[in-house]
Every structure is written in C-alpha cells, then in structure tokens.
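If you want the building blocks of each chain, they are given just below.
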Amino acid sequence: MLVALLLGVHATGLFVLNPVLRSMEVRVYVPVKHAVDRTAPRLAKPLMLACLAVTTAALFAAVLTGAMISAVADAVALIALVVTLLAILRGDLPINRSMAHWSPDAPPADWRTTRTRWERFFGIRTATNLVALLAIGVSVVASASELN
C-alpha cells in the first residue's frame, strides 16, 4: 500500500501538477514551484523511506521463508525503488536547489530547458515507482501461491 501511495503522489505530480505548472508564465511558475518544493518533501521523504524499509523487510522475509519467486519480485521492487531514489537525489533535488534561487522577475534564460530536465527526472522516478508496485504485486500473488 505504501508503494501504491508513493506512486499516487508521483503520478499526480506527473499527470496533474506538472502540466498545470507547464502552462504557467514564469512569473507565476516560480513562486508556485517554490511553494511545492517546500511542502512536498514533508510527505514524500518519509513515504519514500518507509517504502524502502518495508520492501527490504519483505525481501528478507521471503528469503528466510524460501519463497523464491516472492524474493526475486521483492528484489526487483527494491532495485526499482533505489533507482527512484537515485533519480530524486541525483536529478530532482539538485535541480530543485538551483530553482530555489530563481527570481520570478529575472529567471535564467534557460529556465524552460531546466524545467524540462526536471520533468524528465520526475518521469523516470514515476516509471520506476510503477515497476516497484508491479513487482510487489507479483510478490503478493506469488507468496499466496507459495504458502499453499
């Protein structure tokens, strides 16, 4: 459920928030983006850490009980979540830190290019989060059949 919730956050950003932000002129975009960047981590950071912890625990439990299909699926999910985290840490956050210094009245000349690059990392993290959720679904189905 946690990974599904995280995907919901990412998908809402990708399919709802980002298109709205993209439609704004820069004088509106910058303060709204700053507000989102101050607020979103309050939910996203603990949720991401919880997903990593729970998926790691599920992987260990599957290995310890000999549920190999579940273990493989949980390993795929964990790798996908780590890639999600890397996209955030190496892509989103450095760009967000740069954008935090933007002025609505004097944005950098390449602000649209930077925004597009940020959106690309957002798309990567959403896609890898989807892979994690699908792998967890496989794990749940496999563990149900492995228990029988």
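In case you missed it, the structure is sitting above this.
First, a word on what this report is: a plain description of the structure on this page. Everything numeric in this text was worked out from a predicted model, so none of it was measured. (Residues numbered from 1 in each chain as written. Predicted model: local features only at pLDDT ≥ 70, side-chain atom pairs only at ≥ 80, totals over all residues. Heavy atoms only, no water.)

1. What to know about the nonpolar core
Operational definition: For our purposes a nonpolar core is just a set of buried Ala, Val, Leu, Ile, Met, Phe, Trp, Tyr and Cys residues, chained together by side-chain atoms within 4.5 Å. Three labels apply to residues, based on accessible area from a 1.4 Å probe with only protein chains included: buried if under 20% of the type maximum, exposed if over 50%, partly exposed otherwise in between. Numbering goes from the N terminus for both helices and strands, where a helix is a DSSP run of H or I of at least four residues and a strand is a run of E of at least two. Residue contacts follow a heavy-atom distance rule, with two residues in contact if any of their heavy atoms lie within 4.5 Å.
Core analysis: the biggest nonpolar cluster contains 17 residues, and Val 3, Leu 6, Met 48, Cys 51, Leu 52, Leu 81 and Ala 132 have the highest contact counts within it. Counting only elements with at least two residues in this core, the list comes to helix 1 (2–22), helix 3 (41–65), helix 4 (68–99) and helix 5 (111–147). With near-sequence residues (within four places) excluded, Ala 132 lies in contact with Val 3, Ala 77, Ala 80 and Leu 81. The next biggest cluster of nonpolar side chains, apart from the first, holds 10 residues, and it includes Val 26, Val 30, Met 99 and Phe 122.

2. Structural notes on the packing of aromatic side chains
Any pair of aromatic rings gets described here by the distance separating the centres and the angle formed by the planes. The condition that has to hold: Pairing of aromatic side chains requires ring centres within 6.5 Å, counting the rings of Phe and Tyr and the six-membered ring of Trp. Pairs whose planes differ by under 30 degrees are stacked, by over 60 edge-to-face, and all others tilted. Any Lys NZ or Arg CZ that is within 6 Å of a ring centre and within 35 degrees of that ring's normal is treated as a charge sitting over the ring.
Applying the stated rule across the entire model yields two aromatic pairs. On the basis of an interplanar angle of 40° and a centroid distance of 5.7 Å, the ring pair of Tyr 29 and Trp 111 is categorised as tilted. Within this pair, whereas Tyr 29 is found in helix 2 (residues 26–39), its partner Trp 111 is found in helix 5, the two being separated by 82 residues in sequence. Like Trp 111, Tyr 29 is buried. Plain terms: the ring middles of Trp 118 and Phe 122 are 5.2 Å apart, the flat faces sit at 55° to each other, and that makes the pair tilted. Of this pair, Trp 118 and Phe 122 are both found in helix 5, four residues apart, which corresponds to roughly one turn of the helix. Neither Trp 118 nor Phe 122 differs from the other in exposure class; each is buried. Here the guanidinium or amino end of Arg 115 rests over the ring plane of Tyr 29, the centre of that ring lying 5.6 Å away.

3. Considerations on the pattern of salt bridges
Formally: Salt bridges, as used here, are contacts in which a Lys or Arg side-chain nitrogen is within 4 Å of a carboxyl oxygen on Asp or Glu.
One pass over the full model with this rule turns up four salt bridges. Among the salt bridges present, the one from Arg 27 reaches Asp 105, with a minimum N-O distance of 3.6 Å. Here the residue Arg 27 occupies a position in helix 2, and Asp 105 occupies one in the loop between helix 4 and helix 5, the gap between them amounting to 78 residues. Neither residue differs from the other here; Arg 27 and Asp 105 are each classed as exposed. Close ionic contact of Asp 92 with Arg 125 constitutes a salt bridge, the shortest N to O distance being 2.5 Å. Here Arg 125 lies in helix 5 and Asp 92 lies in helix 4, a separation of 33 residues in the sequence.

4. Some remarks on the layout of surface pockets
Put simply, the test is: Lining residues are defined by having an atom within 4 Å of a point belonging to a cavity or pocket. Those points lie on a 1 Å grid over the protein atoms alone, cavities being sets where a 1.4 Å probe fits but cannot get out and pockets being open sets with protein on both sides within 12 Å along at least five of seven lines. Grid points are joined across faces, edges and corners, and a volume is the space filled by probe spheres set on the points. In the scheme used here, Gly and all other residues not listed as nonpolar or charged are polar, with Ala, Val, Leu, Ile, Met, Phe, Trp, Tyr, Cys and Pro taken as nonpolar and Asp, Glu, Lys and Arg as charged.
The volume enclosed by the largest pocket comes to roughly 590 Å³. Contributions of two or more residues to the lining of the largest pocket are made by helix 1, helix 2, helix 3, helix 4 and helix 5. There is about 180 Å³ of room inside the second largest pocket. Contributing to the lining of the second largest pocket are Met 1, Leu 2, Val 3, Val 54, Thr 55, Ala 58, Asp 74, Leu 133, Ile 136, Ser 139 and Val 140. Elements represented by at least two residues in the lining of the second largest pocket include exactly helix 1, helix 3 and helix 5. Tallying contributions element by element places helix 5 first for the lining of the second largest pocket, with four residues. Broken down by class, the residue content of the lining of the second largest pocket amounts to eight nonpolar, two polar and one charged.

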